[in-house]
Amino acid sequence: MLGAPLLSIKDLSIWFGGGGRYLKAVNRASLEVGRGEIVGLIGQSGSGKTTLAMGLLGLVKGYPGLWEGQALLDGKSLLPDMGPLIIKKGQDRPGGDFQVEKRYIPYQRAHKRTLKGVLGRDIATIFQEPKASLDPFYTVGEHMIEALERNLDRHEGGAKTPGGLKGLGVGLLKDVGLVDAENLWGLHPHEISGGMAQRVMISMALCAKPKLLIADEPSTSLDVTTQAKLLQLFLRLRDKHGLSIIIISHDIGVIQEVSTRIYVMHRGSVVETGTSEHVLSAPKHPYTASLLDSFSRFGEKLPAPPTDPDAGQGCAYREMCAAYRGVLNAEQRQQCEKLKPIGQAESLAASGVSAGMGDWSKCHYRETSKAHGPGTPSHSHLEVLMAKEGSETTLVKVRNLRKRFTQGKRSFLALNDISLDIPQGSTYGLVGESGSGKSTLGLSLMALQGVDAGTIDYKSEDILKAGKARMLVLRREIRMLFQHPEGVLNSGMTIQDILAEGLEREGDIAADERRRRVSEALEQVRLDPVHGARYPSNLSSGEKQRATIARALITKPAFLVCDEPVASLDLAIQSQVMSLLKEFQRHLGLTYLFISHNLSLVKILADRIGVMYMGYLVEEAKVRHFTVAGARHPYTRLLLASTPSLDPGIREVLAHYPDVEPVRLEGGCPFRNRCPVYLANKSPLCETTMPPLVDIEVGARVACHFPLPGG
Amino acid sequence: MRIIAKIVGFFAGSMLLVSLLIFAIVHLTPGDIAEIHNLSPSTAHTLHLDRPEAVQYVLWLRDCLMLDFGISMVNGTKVSALIAEYAPPTLLLTFGSLFLSLLIAIPLGVYRGLRPVSPLGKFISLAVYTLSSIPVFVLGYIVLAVVFGFFHFFVTTPPEGEFHFWPWLSYYSLPIGVLAVGNGTIGEFVRFISLEVQNVNGAMFIKAARARGSRLWKHFFRSMILPIFNIIVTNMAVLLGGLVVVERIFNFHGLGWLSWEATLKRDFSVIMGITLVMAFLIRVFMLANDLLAVWLDPRMRE
Amino acid sequence: MKQRGPFRLFLKQPGGWRILAGGVIVFLLAMATITGSAWTSYKSEDLDLENLLVPPSAGWLKRLMTTEEGLRVQEQNKAGGRGQLNHVRPANADDEDLGFLGNDSAPEPAETPKATEATGKTHVLGTDKNGRDMLALLIAGARNCFLPGLVTCAFALGLGVPLGLFAGYYGGRVRKIVGTFNSTILSLPRLVLILVVICALEPNVYYTMGVLGATLIPRVSELIATRVRILSNMGFILAAKEAALSDFKILYRHLFWYQNRAVFFIQFSLIMAESILVETTLSYLQFGTKPPEVSWGNIIEGSQMSFFSGFYWITFFPAVAIILAILGFFYLGDGLNARLAWKEGR
């Protein structure tokens, strides 16, 4: 680092609240940003990372009440000194409303005055929701002109004529990769995509030629491919303009991709800092280590069962256990009913080894119900039985599924001749960006969304033709996990009432039998049955999602459609939920359709993966094919290369792909405008004919005229 | 263009439904109108009362489209003439009080929206809620008592002849004031505007504009036009309803007073005509609101 | 930290004071409706013909008298002896346009009321020009604004809630039909529509309250439909369908009982406030409760401008009763609403 740092924060604490009650949101944080440096600030939600940056800029709802410490931008103080503060212990809790006491108001006024010349001038900020950050009533051009007019003094020779401003603005927009800036100029925010909106935000920030850009979760709401291009833009801006950037994110992949230095925040404090290589390769703080661990391997230990393991008798799973219900003899079953199985997880954890999921098994007959080896961890006992009979049975068979959505004049195919098979006991992963039709497919399989053509066979019975009564039975066997547990769990009902609802269709069940099954389902997902009496608002987000899993499991399903079940969760909780899902598959022989936009997540659980793009299934193969080198479809390779990972070499692949927005192309291959193969050879075949999904080798299908060689 | 045609079509359709509703209430309820008023056959014929109901409706609608609302069943005056005579003071009263209540409500609402938890903000909501739950006629009495008791000045006869400012003002100011402050409209205005200000203030784009250091009032203003116009339109009906009471208290001869008298005497053609005119006025405002939304909000154009 | 009882905590939470104040008033109103004037010394239909226009007897109320005539009455009371009640009786007390505008002919002091002395009963809030006890009238009036209010609620909520649920749940064509219905009703001024109905039918307070209920359907149904739509955007309805629940169960249990029950009670309270407002207004306009049935509105209408002639109590007490009753229901509903918003925002 050359010379003094651009931004230096020393021992900064920030409190919120008022009326004598305060919440300490940031606790003695220190941070330095050098010139032309990209710094990453990482932490879970609620760790104070956003509060630190936004509190500094006075942009938080409920203006910061009190602060202590120092923040210098270019040697200039951003925060007036409040002097040493004495906050009594009892006061250190959140206040009811944000009425600030009178004696602090002068300091806050002074803070605001200081910020007036800094906000949008020396420090520019971009936010998580780019489309909402633009005023819906103003066009992109009007936004740009507004930003330019404020900062005209920083542009040499920028005449204050409308034409001159537009010229400047278009130049700035092109600078951030918006090639079609002239057309964009007259569009309103609702007419552009999230990625474009974020670029507009960035170019508005550049209008001021700022010294520092603070990006608060800049790519969280964007697709992976858009995110990858955005991160590259950050790097380019740093090199071209010497911009210093603070990137705030919960995603370690995003941070490590671009930043040279990392600050890790936990509960309001900065717990670790260092250069990216050091922090990522040799984390010193256990929290950082656990973050890295859950990112790289999803190997975090499951939470221990909350109940006393000695309470009750026998194995809690036996009712749902395929082995117990199937192959075990009477004597063995007795053992299951009488004795609690002893797990290996505790001993493994004690010896310092992260318990691999393949080893986590609390079962008397681990050998019987376990898979054959570590290579195929997800084969259930049921499947073993099936395998003995000689063939892999297909549980769900989808043929030529077609669905057209019409919005006013525009209409598009959300599902275009989708055909796929899901073998019993396996997991089919479905990957695609937003708008690819993957959720539509999931809903169609649930018969919650009508389709125009095609068949969906479940156990060789077409569920699209099933009668009403039959459907009620099928709905018990086919269940779904949703992305947002808040939408699924009725906030006015207790957890046990929600779970018991699933049993209603099974006819009359005695009250204590119902209660038993509810607590059993809760135990399965590692929730204390005491939680049954609580309301959803009293549960954490991870607990809520586990409750929705219990809600699905209570009807003893065979097939589970998981629609982004962990997308709204923190990384550590994601891995817990994924582990649970994996465990249930092994114990209960469940079949999953796992839908996600995150390929690395899908790879953990899936046996086969299908990739969707704009309503087409473009590639389908065994999970081991899904590496950057092994991918056969160019889009799959783009997806894989865009996924944040700890391997930096992969990014080079991205350079071959053009920086364009995904659009729905009519006729021909839908991907051709982003496809390096097409852009290289401009084959007319790609323009006219949609490539069919054909077998390219055993168990691998791809829809491309010029498939990549694979690995 | 298609959306504008759609909006205008909706306007025409809803006016048709409203007229049908009014007609149905009056004509499809038990009791023979001609008998109630002992109408002569010729009057009954003028009012088409000797035809079947469906034909009556069509004829009435046709007449209304030509601004002929029939004749009064009590004294035979033309309803359109009555309305033309009584409407101007009422319109002045309506728009005067609308203007006055907005003048009071917008600053209060904006302040309360920006500082919802400050003592003054809390006081504003309490005061406004309390004020808006006083019925207009009670408020009218209080105002009359105060004005009469303390100032001994009071004009309840419309100023005639030459225009003089003071008599004119004293005639209009009390009803306008009471209708503006009472009647619940001001409470609705303050509550709605403050909510909308809170929404906009918490919106991402305002936060982003703040982070850019740009002037906020422009963004605020643009986002507030439509909601404010919207709340005016939804409160037009309340305002016009309040007319009946205010005009009765202050003996103010306008459409409200006329409709009160018509109801007392069960003068069907008059009340139907007034109701239709008022509904038309409200519908025109709604139409203007929709067109304004299309004009201002780019998202509405699709 | 001071220990807080549950009651203090209740008041501390949003809307606590409003719920308490509103609840007390609503409780008193309900009690007045149930008991009627059973416990007052006079009944509302009793005509104490010897004591017309007697001022309130309660000492603290006398101090409220501010008009000149009131002061004179007080003077006379002093002259007449301690504890003695005098009353005033204007020459034209039986006139319909009693004391209206500029009619300030001085009321003449009357003789000492004999009946009061004989029976020991007093008119706590005075009497009106027919010698009816004001307190008894107020209590009788409470019933006539409470019961019509229930009719309004039955119409507005009984139709508005299902319509809102259907519109929000089924969407599409159902929503369009409900929307058209709502916009038709909304384009008519409420009071004027009621006048049309009164014109067409014989004036009956329960009819008009039914019409008022109908005009409130749009408000209720749109509120419920918006909430249901937000819930369905959250994936709520999809999840319930996924759990194989019948439409009825989704509508009734999930969308109404567990999600909109609070809204139901809030709207009940607000609609009661609205209906009291409209009922008293209509009675004032002579279209609501007709004499001899008593309503606070027609007491005021009957007394017309007596306020300006010194008989303040005839107008004053009903006006206070009206304002308090409306405020009570309004605060109750508003407080509950604040609490609901707080709970949902948590």
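Residues numbered from 1 in each chain as written. Chains lettered and ligands numbered in written order. Predicted model: local features only at pLDDT ≥ 70, side-chain atom pairs only at ≥ 80, totals over all residues. Heavy atoms only, no water.

What follows covers the overall build of chain A. The secondary structure content of chain A amounts to 27 helices and 22 strands. Among the 711 residues that make up chain A, the fraction classed as buried is 55%. Counted over contacts in chain A with a minimum sequence separation of 6, partners at least 24 positions apart contribute 68%. Taken as a whole, chain A presents about 29200 Å² of accessible surface, with 52% of it coming from carbon and sulfur. (Helix = DSSP H or I, 4+ residues; strand = E, 2+ residues; numbered from the N terminus. Buried < 20%, exposed > 50% of the residue type's maximum accessible area, 1.4 Å probe, protein only. Contact = heavy atoms within 4.5 Å. Areas by Shrake-Rupley, 256 points an atom, 1.4 Å probe, with all protein chains shown as cover.)

Now for the overall build of chain B. Scanning chain B from terminus to terminus reveals 13 helices and 0 strands. Its helices and strands in sequence order give chain B the pattern α-α-α-α-α-α-α-α-α-α-α-α-α, from N to C terminus. When the 302 residues of chain B are sorted by exposure, 54% land in the buried category. Pairs at least 24 residues apart make up 72% of the contacts formed inside chain B by residues separated by at least 6 positions. Of the roughly 13900 Å² of accessible surface on chain B, 70% is carried by carbon and sulfur atoms. Mean positive and mean negative side-chain charge positions of chain B (21 and 17 charges, respectively) differ by 21 Å. (Lys, Arg positive; Asp, Glu negative; His and termini not counted. Charge placed at Lys NZ, Arg CZ, Asp CG, Glu CD.)

Once that is clear, we can look at the pairing of strand S11 (residues 394-407) of chain A. Residues and elements named next belong to chain A. Both S11 and strand S12 (residues 410-423) contribute to a ladder of 10 bridges, which runs antiparallel. For Arg 404, the partnering residue across the bridge sits in S12 and is Leu 413. Hairpin connection, S11 to S12: the antiparallel pair is bridged by 2 residues, and Gly 408 has positive phi, about 60 degrees. Note that S11 and strand S14 (residues 453-458) share 5 bridges and pair antiparallel. Directly across from Val 398, in S14, lies its bridge partner Ile 456. (Pairing = 2+ DSSP bridges.)

Here the focus is the interface of chain C and chain B. Contacts between the two partners involve 43 residues from chain C, matched on the other side by 46 residues from chain B. Across the interface of chain C and chain B, roughly 4100 Å² is buried in total on both sides, 76% from carbon and sulfur atoms. Counting across the interface, chain C meets chain B through 1 salt bridge. The salt bridge involving C:Asp334 is made with B:Arg191; its shortest N-O contact spans 3.7 Å. Listed by contribution, the elements that provide at least two residues to the side of chain C that touches chain B are helix H7 (172-186), helix H8 (190-200), helix H11 (247-284), helix H12 (296-303) and helix H13 (312-345) of chain C. Among the elements that line the side of chain C that touches chain B, the one with the most residues is H8(C), at 10 residues. (Buried area = accessible area lost by both parts, 1.4 Å probe. Salt bridge = Lys/Arg side-chain N within 4 Å of Asp/Glu carboxyl O.)

On the chain A side, the residues contacting the 18 residues of chain C number 23 residues. Summed over both partners, the interface of chain C with chain A comes to about 1800 Å²; 52% of that surface belongs to carbon and sulfur atoms. Between the two partners, chain C and chain A, sit 5 salt bridges. A:Arg479 serves as the salt-bridge partner of C:Glu242, at 2.8 Å between the closest nitrogen and oxygen. Summed over the shared surface of chain C and chain A, the number is 13 residue pairs in polar contact (both at pLDDT 80 or more). (Polar contact = N/O pair within 3.5 Å; in protein donor to acceptor, adjacent residues only side chain to side chain.)

For the rest of this paragraph, the subject is the domain arrangement of chain A. Residues and elements named next belong to chain A. Along its sequence, chain A is carved into domain 1 (381-613) and domain 2 (627-702). Contact with domain 1, which involves 15 residues of that partner, is made by 12 residues of domain 2. Across the interface of domain 1 and domain 2, roughly 1200 Å² is buried in total on both sides, 55% from carbon and sulfur atoms. Between Arg 674 and Glu 433 there is a salt bridge, and its shortest N-O distance comes to 3.5 Å. Summed over the shared surface of domain 1 and domain 2, the result is 4 residue pairs in polar contact (both at pLDDT 80 or more). Elements supplying a minimum of two residues to the side of domain 1 that touches domain 2: S12, helix H23 (599-605) and strand S19 (608-613). Residues belonging to the side of domain 1 that touches domain 2 are distributed by class as follows: 8 nonpolar, 4 polar and 3 charged. (Domains from an automatic or database assignment. Nonpolar A, V, L, I, M, F, W, Y, C, P; charged D, E, K, R; others polar.)

Next up on the list: a positive patch on the surface. Residues A:Arg109, A:Lys112, A:Arg113, A:Lys116, B:Arg115 and B:Arg210 make up a contiguous surface patch of positive charge. With 4 residues, helix H2 (residues 105-116) of chain A is the single largest residue contributor to the positive patch. Within the element layout of this structure, A:Arg113 appears in helix H2. (Patch = residues over 30% accessible without salt bridge, like charges linked within 9 Å, V, L, I, M, F, W, Y side chains within 5 Å.)

Moving on, we get to the packing of aromatic side chains. In total, this model carries 22 aromatic pairs over all chains according to the counting rule given. Summarising the aromatic geometry, the rings of B:Phe95 and B:Phe285 are spaced 6.0 Å apart at their centres and angled 20 degrees between planes, so their arrangement reads as stacked. Taken together, the residues B:Phe95 in helix H5 (residues 79-114) and B:Phe285 in helix H13 (residues 268-296) connect sequence positions 190 residues apart. Looking at B:Phe95, the relative accessible area reads 33%, which means it is partly exposed. Taking relative accessible area as the criterion, B:Phe285 reaches 16% and is therefore assigned buried. Taken together, C:Phe248, C:Tyr252, C:Phe256, C:Phe264 and C:Phe265 form an aromatic cluster joined through their ring pairs. For A:Arg664, the ring lying beneath its charged end belongs to A:Phe412, and the centroid distance is 4.1 Å. Note that B:Arg299 overlies the ring of A:Phe137, its terminal NZ or CZ placed 5.7 Å from the centroid. (Phe/Tyr/Trp six-rings, centres within 6.5 Å; stacked < 30°, edge-to-face > 60°. Lys NZ or Arg CZ within 6 Å of the ring centre and 35° of its normal.)

Looking now at the confidence of the model for chain A. All names here are of chain A. Considering every residue of chain A, the mean pLDDT works out to 80; 81% of them sit at 70 or more. Taken together, the stretch residues 298-312 has pLDDT below 50 and engages in 37 contacts with residues farther than four places along the chain or on a different chain. Of the regions scoring below 50 in pLDDT, residues 340-363 engages in 40 contacts with residues more than four places distant in sequence or in other chains. (pLDDT = per-residue confidence, 0-100.)

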